[in-house]
Number of protein chains: 6
Amino acid sequence: MAATDIPFYQPAGDECEVFAHAWRQQLPVLIKGPTGCGKTRFVAHMAAQLGLPLFTVSCHDDLSAADLVGRHLIAGGDTRWCDGPLTQAVRAGGLCYLDEVVEARKDTTVVLHPLTDDRRMLPIERTGEVLQAPPGFMLVVSYNPGYQHVLKTLKPSTRQRFVALSFDFPRPEVECEVVRHEGGVDAELAWRLVRLGGQLRQLGGHDLDEGASTRLLVYAARLMASGMPARRACEVALAEPLSDEPDTLAALRAVIDTQFGS
Amino acid sequence: MAATDIPFYQPAGDECEVFAHAWRQQLPVLIKGPTGCGKTRFVAHMAAQLGLPLFTVSCHDDLSAADLVGRHLIAGGDTRWCDGPLTQAVRAGGLCYLDEVVEARKDTTVVLHPLTDDRRMLPIERTGEVLQAPPGFMLVVSYNPGYQHVLKTLKPSTRQRFVALSFDFPRPEVECEVVRHEGGVDAELAWRLVRLGGQLRQLGGHDLDEGASTRLLVYAARLMASGMPARRACEVALAEPLSDEPDTLAALRAVIDTQFGS
Amino acid sequence: MAATDIPFYQPAGDECEVFAHAWRQQLPVLIKGPTGCGKTRFVAHMAAQLGLPLFTVSCHDDLSAADLVGRHLIAGGDTRWCDGPLTQAVRAGGLCYLDEVVEARKDTTVVLHPLTDDRRMLPIERTGEVLQAPPGFMLVVSYNPGYQHVLKTLKPSTRQRFVALSFDFPRPEVECEVVRHEGGVDAELAWRLVRLGGQLRQLGGHDLDEGASTRLLVYAARLMASGMPARRACEVALAEPLSDEPDTLAALRAVIDTQFGS
Amino acid sequence: MAATDIPFYQPAGDECEVFAHAWRQQLPVLIKGPTGCGKTRFVAHMAAQLGLPLFTVSCHDDLSAADLVGRHLIAGGDTRWCDGPLTQAVRAGGLCYLDEVVEARKDTTVVLHPLTDDRRMLPIERTGEVLQAPPGFMLVVSYNPGYQHVLKTLKPSTRQRFVALSFDFPRPEVECEVVRHEGGVDAELAWRLVRLGGQLRQLGGHDLDEGASTRLLVYAARLMASGMPARRACEVALAEPLSDEPDTLAALRAVIDTQFGS
Amino acid sequence: MAATDIPFYQPAGDECEVFAHAWRQQLPVLIKGPTGCGKTRFVAHMAAQLGLPLFTVSCHDDLSAADLVGRHLIAGGDTRWCDGPLTQAVRAGGLCYLDEVVEARKDTTVVLHPLTDDRRMLPIERTGEVLQAPPGFMLVVSYNPGYQHVLKTLKPSTRQRFVALSFDFPRPEVECEVVRHEGGVDAELAWRLVRLGGQLRQLGGHDLDEGASTRLLVYAARLMASGMPARRACEVALAEPLSDEPDTLAALRAVIDTQFGS
Amino acid sequence: MAATDIPFYQPAGDECEVFAHAWRQQLPVLIKGPTGCGKTRFVAHMAAQLGLPLFTVSCHDDLSAADLVGRHLIAGGDTRWCDGPLTQAVRAGGLCYLDEVVEARKDTTVVLHPLTDDRRMLPIERTGEVLQAPPGFMLVVSYNPGYQHVLKTLKPSTRQRFVALSFDFPRPEVECEVVRHEGGVDAELAWRLVRLGGQLRQLGGHDLDEGASTRLLVYAARLMASGMPARRACEVALAEPLSDEPDTLAALRAVIDTQFGS
């Protein structure tokens, strides 16, 4: 695979090395971090770097074990087995990435257990088949510790099966490079947006569940690149998506004005 | 498409320009605003303006990911895949509008994630197909911040994937034009109804969840145009739909009397 | 249709005119009122008056959107679509009446939305069909504000789509005519029953959820017409159906004795 | 039908006449009363008396409208409609008896509505058929006001559709005749059991949900007729079924000893 | 059937006679008692004694009426009815035993009603068949009054349909005989275990839901008979199964040491 | 089977002997202990030692009786029965291991009852088959008493059917041998990791649900063996998987520094 086929990712530390070590040692990885800080991009980058096919699943309240492992479908009057993404990843020796794993139903985390200890196997109960994961197979899960519910946490018996990596918003130099590259703006405008992002993230004491993500900085940049006035672009990309409260919105707009006010 | 085929919409600000910028930059849009203020009409107007086929879904408690993406139906003993409205919109490169998205089940908001970041793809897990959204495809969602439940909010990880626009009741000049055009009454009667609407919206301190919408003003106008006495038309269109409480109804009628009393 | 085919309905005010205006203006109607006051009869009367086929649905906890719109049935190995009553009413240009609409599941009220704004359309998501309602089609819903649960109310975004009419027990002259006509008794006995009904409805301070309905007065009349002693007929038709509490029943019987005591 | 084919029932008052009047007037009947006082037997007796086929349904938490009305079954690759007991009763012009109707799911009580007002019709939504009930058809429901849950009551809009009859334990002379006839014992032993039943029902202040039913008196009689010692028969038939509490059981046994002690 | 084919059961009182009387009088029986005191064995013994085929069902949270009565299965494109254990018992004129009946879903207890009054019939609603129970048929249910939940009790209308028998742990002489016979140890060791069991059951004030059952005494005996040291056998069979609390376990071990300490 | 085919297990006490005694006496076993202390490995070791095929099921919230026992699948238009893992184990006379049994739905624990008393039978209700377990069959269940929910405990009537064994983290000498063997490091590094594990488990007073498991010590060893710096390997394998709280993580890192600090 040519280097240019590898999705752009600007490392913030040794996360690429830790990930590669874990893969070589056949250990599963848990990635923790806030919304929009680049977890999904990082996994796509590493999968390409290691030459592994990538199977991504966005987890949700109704995601069941059958959605991961597979199910029977009726065809021509017969039931035909149809592999789910986890089973496909095991057969292909690829990387299976479960995004926001705590959102999934409990039975899904349990099908991961035999894959995350020394057995590295996937029993498919409905067919009786037991798959032995090839050396290349890797399981990666992510979650956001910032807004977990009481009812939505990983059980210790699941957590203690993973090597864990903490992510945070990228350092300013890294984030600036990302905004410039993805947003299609010049370095100076990217810096102003990154500085604004930093200021917005420090707006504590308000009902903000999370600070403005790198993704939203890129949105603002792209709207400006499209010709929208800077201040209005920041308003619709960096204020309105964060809150519905008039007071909070006013505070966000005041910060925007310090960088892009008339 | 001839201009006369474009649904009537009276802009209140730069919302048409912001929407067009977001579409050109392939960014999804979140529309916030109260009941009956014209969100659905705005989306229909913009879809026609941009020449996009429109796929509208009214979200509700039981709307599942399968309702959006599609499902297998049995035909002639075989299972046949049947695209849902979101998949249809992606294939057609059209506009998919999810009205009151917070009402939907959680799994529906998660299928939106891969469509709302730079991947712009729709994985159809049940068939194994992965669709790449064409440049024309746009996702628009709306919700009403005025009466959200604690359990019914957009997660930050979903919100931070959208450019957001706030809507409110239109300015009097704009609303008057809408009531006149849609209600089939003359400008003077339209003005009296719009003034009444403004007064009714200021009736704080009562158990009114929401003020009278522009839609209800149009209803009152149409009943008058049909020959119903003005005061009675206001009563059945602007008082009874808003409350069941005798005290509140009396207060609403008193306000109606100031404009249309005998 | 001959006038004699129109179900008997004794108007209490201008409700027939308001209903007819709303139908001519293609506006949906919400009827509010207590149990057994004649809402269902009124709708049947108006449907016959306007020459519209009537499709009535008694709503309940498990009534889903599919029950209204339709569903696929398996026949000869194929799935065949089967219209629900709402779809039948739209196709026939008739009147669809949803009795006690707040009892239905939330997803049912949402399928009503595109039919209750200017679009007047019914998208059938499972088949991909979109029906445009013909001019004759009218949607009518009813509910009883007297014993709504906290969890069972119409959302403002639904309420504000209807012209609303309040019903109450009929005026004595009207009710007397109804009891005479339906109960098969003479005018004098009808008057005594209507007076008794009025007294029973004033029995506040007891655990009565609702006062004796016009329907129960008709029941008592019919039992008397069948030869049952008047006092016993009132007991089984006007006391026992209203309460299980001995104190309340004694109070009800005492009132009955004032009219029909030995 | 020969009189000897009519199930034995000892009237306690005018309940047979009221029931017959209601049937002649085509009014539905609600029977209220404690466990084991003879409600089911009374309905069987009246059905035979009036020459009506009887369809009995014991209601429970999972009884749905489909269980009453009918459902589609698959046969030979086709779906075939299969009438439920309510539909069978309507078609046959018979008596449908819903025992403990408040236990059923809410949607079942609502399918009863069109059958319990002047329409007397049963719409079968799944097939589109609408049945008109023949004159002979009668609907009877029962419930026990003694241990209703807050969540399990009849809504006023349902209650006010029935003529209601209150049942209680039979008067001593009547109960004695029942115990003698059903229990196979002589009149003197029957009297002792009936006196004991009366004493046990007065045991207030203990955790007894309900007093000993006539049915349990019959059980004790039959065990004695089978040769079991009287005191032990009372213990297993009149004490142990009523409570698990040692104190309450001791009190019950003390009362038993006053009639059948050594 | 040879006496040696009848499962061993050591009577504690007149329970065998009461059971046989009830069977002869066609009355259903309710057995109350703690875990592991021999209820299941008693029923097996009586079924063999009376020459009745036995159908046992362990009840649980998801046991539905269909699990007891039967259901349709698809075979060769047709639906075929498949009797459940209750229906099998009725057809065979055998004994149906529902163990821990309060654990079952509410709809299961209600299908028992027509079988437990003088009708003795089983209506199979899904097929329309009504079975008349032959004279041999008997229904037996059991439950444990010691740890009932508030939500898990028998309704009075169900309880009052049964003759009831209370069970408790057997008297020492009886229990010793059971431990000797089932555990394969000599009388002296059996006595020491029974004495230990008595002491453990008196350990009040600790978080013990229930005292050591006769079954666990048999387990300890069998481990000793297999060659395990007595003290360790008591630890794994009589302490660890009863609690996870270190304090409680220490107290249990202290009692064990008084009988089997070094 | 050659000894080298038996999974490595380092005994901590007499657990192997107790297990073998229970198997010879056909008694089921309950294993209690914290996450990652070797319960699963122990069972695999014993199954191989005793020459029994092993059927492991990881229990979860949605695991139903049908998942254990089996279900009907449709094939060629017929329903075909498909054994679940418990049924397979009974037929094969093997060892069925239910990991974290308290997580399963209540109906699953009840299907175990007839297998865990002297009947040793598995009734398959859906097919009517009753399997008699062969002498070799053994049932083993495990759970973690450390973080049971109130709603997730074994009922006494289930617990009192098992011989129980308590597990804990292995003694240092045993754990060191495990880390050396599984982690691929020399004895000295293994000792440092085991000492660190002991220190981390004593970090009371913090929001740690459970201390670092032996498995995580092995993970850290393997990352070091792969070339990762020791301190960073401990951070990602022994700190990040245990907590998300900054304070707790700082405390964990401080302990790590005492062993592997610069």
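Quantities reported herein were computed from a predicted structural model and do not represent experimental measurements. (Residues numbered from 1 in each chain as written. Chains lettered and ligands numbered in written order. Predicted model: local features only at pLDDT ≥ 70, side-chain atom pairs only at ≥ 80, totals over all residues. Heavy atoms only, no water.)

Take the overall build of chain A next. Of the regular secondary structure elements, chain A holds 11 helices and 9 strands. For chain A, the proportion of its 262 residues judged to be buried stands at 59%. When contacts within chain A are restricted to residue pairs at least 6 apart in sequence, those whose partners lie at least 24 apart make up 70%. In the structure as shown, chain A presents an accessible area of about 9,800 Å², 51% of it carried by carbon and sulfur atoms. (Helix = DSSP H or I, 4+ residues; strand = E, 2+ residues; numbered from the N terminus. Buried < 20%, exposed > 50% of the residue type's maximum accessible area, 1.4 Å probe, protein only. Contact = heavy atoms within 4.5 Å. Areas by Shrake-Rupley, 256 points an atom, 1.4 Å probe, with all protein chains shown as cover.)

As a measure of interface size, the accessible area lost when the parts come together is often cited. Every contact between the two is made by 42 residues of chain A and, on the other side, 40 residues of chain B. The contact between chain A and chain B buries some 3,500 Å² in all, and 49% of this surface belongs to carbon and sulfur atoms. The largest per-residue losses of area from chain A upon contact with chain B belong to Y219(A), R222(A) and D244(A), which jointly make up 16% of the total buried on that side. On inspection of chain A and its partner chain B, the count reaches 5 salt bridges. Where K32(B) meets D244(A), a salt bridge forms, and the shortest distance between an N and an O atom there is 2.9 Å. The interface formed by chain A and chain B contains 17 residue pairs in polar contact (both at pLDDT 80 or more). Elements represented by at least two residues in the side of chain A that touches chain B include exactly α2 (39-49), β2 (54-58), β3 (70-75), α9 (214-225) and α10 (230-239) of chain A. (Buried area = accessible area lost by both parts, 1.4 Å probe. Salt bridge = Lys/Arg side-chain N within 4 Å of Asp/Glu carboxyl O. Polar contact = N/O pair within 3.5 Å; in protein donor to acceptor, adjacent residues only side chain to side chain.)

The subject of this paragraph is the relation of the copies chain A and chain B. When chain A is fitted to chain B, the best match, at an RMSD of 0.1 Å, comes from turning it 60 degrees and sliding it 0.0 Å along the axis. Between the two chains, the operation in question is that of a six-fold axis. Here only 2% of the interface residues in chain A have copies in chain B that are interface residues too; the copies meet through unlike faces. (Least-squares fit on C-alpha atoms with pLDDT ≥ 70 in both.)

Superposing chain F onto chain A requires a rotation of 60 degrees together with a translation of 0.1 Å along the rotation axis, leaving an RMSD of 0.1 Å. A share of only 2% of the interface residues of chain F reappears at the interface of chain A, consistent with the copies meeting through non-equivalent patches.

Here the phi dihedral of E100(D) falls at roughly 55 degrees; this positive angle occurs in a residue that is not glycine. Along the chain, the position of E100(D) falls in the loop between β5 (95-99) and α5 (106-111). Positive phi values are uncommon outside glycine, yet Q26(F) reaches one of about 60 degrees. Turning to its location among the elements, Q26(F) is positioned in the loop between α1 (15-24) and β1 (29-32).

This part takes up the interface of chain F and chain A. The partner chain A presents 40 residues to the 42 residues of chain F that form the contact. Between chain F and chain A lies a buried interface of about 3,500 Å² when both sides are counted; carbon and sulfur atoms form 49% of it. Put simply, chain F and chain A have 5 salt bridges between them. Residue R232(F) is joined to D14(A) by a salt bridge in which the shortest nitrogen-to-oxygen separation is 2.8 Å. For the interface between chain F and chain A, the tally reads 16 residue pairs in polar contact (both at pLDDT 80 or more). Contributing elements (two or more residues each) for the side of chain F that touches chain A: α2 (39-49), β2 (54-58), β3 (70-75), α9 (214-225) and α10 (230-239) of chain F. Take the side of chain F that touches chain A: its biggest share by element is 5 residues, from α9(F). Per-class residue counts for the side of chain F that touches chain A are 16 nonpolar, 12 polar and 14 charged. (Nonpolar A, V, L, I, M, F, W, Y, C, P; charged D, E, K, R; others polar.)

All names here are of chain A. The end-to-end C-alpha distance of helix α7 (residues 172-183), which contains 12 residues, comes to 15 Å, matching closely the 16 Å that a straight helix rising 1.5 Å per residue would cover. Here α7 has its buried residues at V174, E175, C176, V178, V179 and G183. Contacts from the buried residues of α7 go to α8 (187-201) and α9. Residue G184 follows α7 closely and has a positive phi angle near 70 degrees. (Expected span 1.5 Å × (residues − 1).)

Another point: the sheet that holds strand β5 (residues 95-99) of chain C. Residue and element names in this part refer to chain C. If you trace the 5 strands from one edge of the open sheet to the other, you get β2-β5-β8-β1-β9, paired in parallel fashion. Every other strand in the sheet has two partners, leaving β2 (54-58) and β9 (163-166) as the edge strands with one partner each. The mean angle between the axes of side-by-side strands here comes to 20 degrees, regardless of whether they run parallel or antiparallel. Across the sheet, helix α2 (residues 39-50) lies against β1 (29-32), β2, β5, β8 (138-143) and β9, angled at about 180 degrees from β5, the strand it touches most. (Pairing = 2+ DSSP bridges. Axes fitted to C-alpha atoms, helices over the stretch in contact; angles between N-to-C directions.)

In this section: the packing of aromatic side chains. In this structure the tally under the stated criterion is 18 aromatic pairs over all chains. With centroids separated by 5.4 Å and ring planes inclined at 85 degrees, the aromatic side chains of F19(B) and F42(B) adopt a geometry described as edge-to-face. Taken together, the residues span a long stretch of sequence, with F19(B) in helix α1 (residues 15-24) and F42(B) in helix α2 (residues 39-49) at a distance of 23 residues. The pair formed by F19(B) and F42(B) is uniform in burial state, with each residue classed as buried. Geometrically, the ring pair formed by Y9(C) and F42(C) is tilted, given 5.2 Å between the ring centres and 50 degrees between the ring planes. You can see Y9(C) sitting in the segment before α1 (15-24) and its partner F42(C) sitting in helix α2, a full 33 residues away along the chain. For F42(C), a relative accessible area of 0% puts it in the buried group. Ring pairs connect the aromatic residues Y9(A), F19(A), F42(A) and F167(A), which therefore count as one cluster. (Phe/Tyr/Trp six-rings, centres within 6.5 Å; stacked < 30°, edge-to-face > 60°.)

Mean pLDDT over chain A stands at 86; residues scoring 70 or higher make up 91%. Averaged pLDDT values for the elements of chain A fall to 72 in β3(A) and rise to 95 in helix α4 (residues 85-92) of chain A. (pLDDT = per-residue confidence, 0-100.)

The next thing to look at is the sheet that holds strand β9 (residues 163-166) of chain A. All names here are of chain A. Here 5 strands make up an open sheet; going across it, the order is β2-β5-β8-β1-β9 and the pairing parallel. Two strands bound the open sheet, and with one partner strand each, they are β2 and β9. Put simply, the sheet's adjacent strands are angled 20 degrees from each other on average, direction ignored. Where β2 meets strand β5 (residues 95-99), 5 bridges bridge the pair, whose relative direction is parallel. Counted as the bridge partner of T56 is Y97 from β5. Along the sheet face, helix α1 (residues 15-24) touches β1 (29-32), β5, β8 (138-143) and β9 and points at about 135 degrees away from the line of β8.

Residues and elements named next belong to chain B. Within the secondary structure layout, R180 lies in helix α7 (residues 172-183). Sequence separation between R180 and W191 is 11 residues; the distance between their C-alpha atoms is 8.6 Å. Once residues within four sequence positions are removed from consideration, R180 is found in contact with V185, D186, A187 and A190. At 2.9 Å, the side chain of R180 forms a polar contact with the side chain of E177.

Okay, the pattern of salt bridges next. Within this structure, the stated rule accounts for 108 salt bridges over all chains. When the shortest N-O distance is used, the salt bridge between E175(D) and R201(D) registers 2.7 Å. Here E175(D) is found in helix α7 (residues 172-183), whereas its partner R201(D) is found in helix α8 (residues 187-201), with 26 residues between them in sequence. The class for E175(D) is buried, based on a relative accessible area of 2%. On the accessibility criterion, R201(D) (24% relative accessible area) is partly exposed. A network of salt bridges, in which partner residues are shared, links D14(A), K32(A), R159(A), R232(F), E235(F), E240(F), D244(F) and R253(F).

Residues and elements named next belong to chain B. Here strand β6 (residues 121-124) pairs with strand β7 (residues 129-132) via 4 bridges, running antiparallel. Bridge pairing links I124 to E129 in β7. Hairpin remark: β6 followed by β7, antiparallel, with 4 residues in the connecting loop; positive phi at G128, about 85 degrees.

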